[in-house]
Amino acid sequence: RYPLYYLDFETFAAAIPPFDGISPYNKVPFQYSLHIQNHPGGALEHRGYLAPVGVDPRTEFLQRLLEDTQGEGSILVYYLPFERGVLKSMMDAFPDHQTDIEAIIDRLVDLMDPFKQRTYWHPDMGGSKSLKAVMPVFASDLSYESMEIGDGETAMVEFLSLSEEPDPDRVDAVRSALWEYCHLDTLAMVRIVDGLREIVKGGT
């Protein structure tokens, strides 16, 4: 249901949590990317959040997310159990926002489903349903390969490293790379939906 919100989270998890109120290895969201599209094939609006270094990101993350996703329309994610799990954890941490967070969860749609259920299959996916395997089939001009940060684990490690990074230029470079990576995840989702729509129209 339009408008569509293409959403992706980045999280960190630590054996010894750096902030109070967080359990060991609890997934703590520190970044999201959000592409918004009001109608099929329409212009894209990008919003996002990347936490500052050294502070518990959850309060501001949640506030910004609620603001950016308010209204109606489906919220597309890739592998829904991940984002849903993060949101449920946020609901435990911020019970005053339970109703608002539940409203977001109710709007989630898993873009992985057509590939997980083999509704659509392409040999170039190599039998995988991951975003990195599916994206090149629909957007061969996009790639993670040349990026300084090209996967979620690296994003987590690099973000956590910023708390001990003395070089402000390096901090800026890592934050820029984090923006680029998370932005590509949601842009890839847009291109996949556009490609699936064209396939359905063409009946192939």
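These numbers were taken from a predicted model, which means no experiment stands behind them. (Residues numbered from 1 in each chain as written. Predicted model: local features only at pLDDT ≥ 70, side-chain atom pairs only at ≥ 80, totals over all residues. Heavy atoms only, no water.)

**Digging into the overall build of the protein chain**
Regarding its fold elements, the protein chain presents seven helices and five strands. Mapped from its N terminus to its C terminus, the protein chain presents α and β elements in the order β-β-β-α-β-α-α-β-α-α-α-α. Relative to the globule expectation of 17 Å for 204 residues, the C-alpha radius of gyration of the protein chain, 17 Å, shows essentially globular dimensions. Projecting the C-alpha coordinates of the protein chain onto the three principal axes gives extents of approximately 55 × 40 × 30 Å. Counting all 204 residues of the protein chain, 47% fall into the buried class. Within the protein chain, contacts between residues at least 6 apart in sequence are counted, and of these 69% link residues at least 24 apart. Total accessible area on the protein chain is roughly 10,400 Å²; 49% of this is exposed by carbon and sulfur atoms. In the protein chain, 17 positive and 33 negative side-chain charges are present, and the distance between their average locations comes to 8 Å. (Helix = DSSP H or I, 4+ residues; strand = E, 2+ residues; numbered from the N terminus. Rg over C-alpha atoms; globule rule 2.2 N^0.38 Å. Buried < 20%, exposed > 50% of the residue type's maximum accessible area, 1.4 Å probe, protein only. Contact = heavy atoms within 4.5 Å. Areas by Shrake-Rupley, 256 points an atom, 1.4 Å probe, with all protein chains shown as cover. Lys, Arg positive; Asp, Glu negative; His and termini not counted. Charge placed at Lys NZ, Arg CZ, Asp CG, Glu CD.)

**Some details on the sheet that holds strand 2 (residues 28–37)**
Judged by pairing direction, the sheet is mixed, and its five strands sit side by side in the order 3-2-1-4-5 without closing on themselves. The open sheet has two free edges, formed respectively by strand 3 (44–50) and strand 5 (108–110), since each of these has just one partner strand. Neighbour-to-neighbour, the strand axes of the sheet open up by a mean angle of 25°, direction not taken into account. Strand direction decides the pairing type here: strand 1 (residues 4–12) and strand 2, joined by nine bridges, are antiparallel. (Pairing = 2+ DSSP bridges. Axes fitted to C-alpha atoms, helices over the stretch in contact; angles between N-to-C directions.)

**Observations concerning helix 5 (residues 131–138)**
Turn by turn, an α-helix covers 3.6 residues, leaving residues three or four places apart pointing in a common direction. Within helix 5, burial applies to Leu-131, Ala-133, Val-134, Met-135 and Phe-138. On its buried side, helix 5 packs onto helix 4 (113–116) and helix 7 (168–202).

**Examining the pairing of strand 3**
Taken residue by residue, a regular strand's side chains alternate between the two faces of the sheet. One ladder, built from seven bridges, connects strand 2 with strand 3; its direction is antiparallel. In the strand pairing of strand 3, His-35 is matched with His-46. Linkage of strand 2 to strand 3, two consecutive antiparallel strands, is achieved through a turn of six residues, within which Gly-41 is found at a positive phi near 75°.

**Structural notes on the packing of helix 6 (residues 152–161) against helix 7**
Orientation of helix 6 relative to helix 7, taken along the N-to-C sense of each, is 155°, at an axis distance of 10 Å. One element, helix 6, and the other, helix 7, form an angle in the roughly antiparallel class. Relative to helix 7, the crossing made by helix 6 is left-handed. Touching Gly-152, Ala-155, Glu-158 and Phe-159 of helix 6 are Arg-170, Val-174, Leu-178 and Tyr-181, all from helix 7. (Parallel < 35°, antiparallel > 145°, perpendicular 65-115°, else oblique. Left-handed = near helix turned anticlockwise from the far one by under 90°.)

**Observations regarding the environment of Met-112**
As for its placement among the helices and strands, Met-112 is situated in the loop between strand 5 and helix 4. Sequence spacing of Met-112 and Asp-172 is 60 residues, and the spatial spacing of their C-alpha atoms is 33 Å. Those residues in contact with Met-112 that sit more than four places away from it in its chain are Val-77, Tyr-78, Tyr-79 and Lys-129.

**As for the pattern of salt bridges**
Following the criterion strictly, the structure yields nine salt bridges and no others. Residue Glu-148 is joined to Arg-170 by a salt bridge in which the shortest nitrogen-to-oxygen separation is 2.7 Å. Pair noted here: Glu-148 is in the loop between helix 5 and helix 6 and Arg-170 is in helix 7, with a separation of 22 residues, a long-range link. The partly exposed category is assigned to Arg-170, whose relative accessible area is 28%. Taking the shortest distance from any N to any O, the salt bridge between Arg-197 and Asp-194 comes out at 3.2 Å. Residue Arg-197 and its partner Asp-194 are located together in helix 7, separated by three residues, close to a single helical turn. Judged by relative accessible area, Asp-194 falls into the partly exposed class, the value being 23%. (Salt bridge = Lys/Arg side-chain N within 4 Å of Asp/Glu carboxyl O.)

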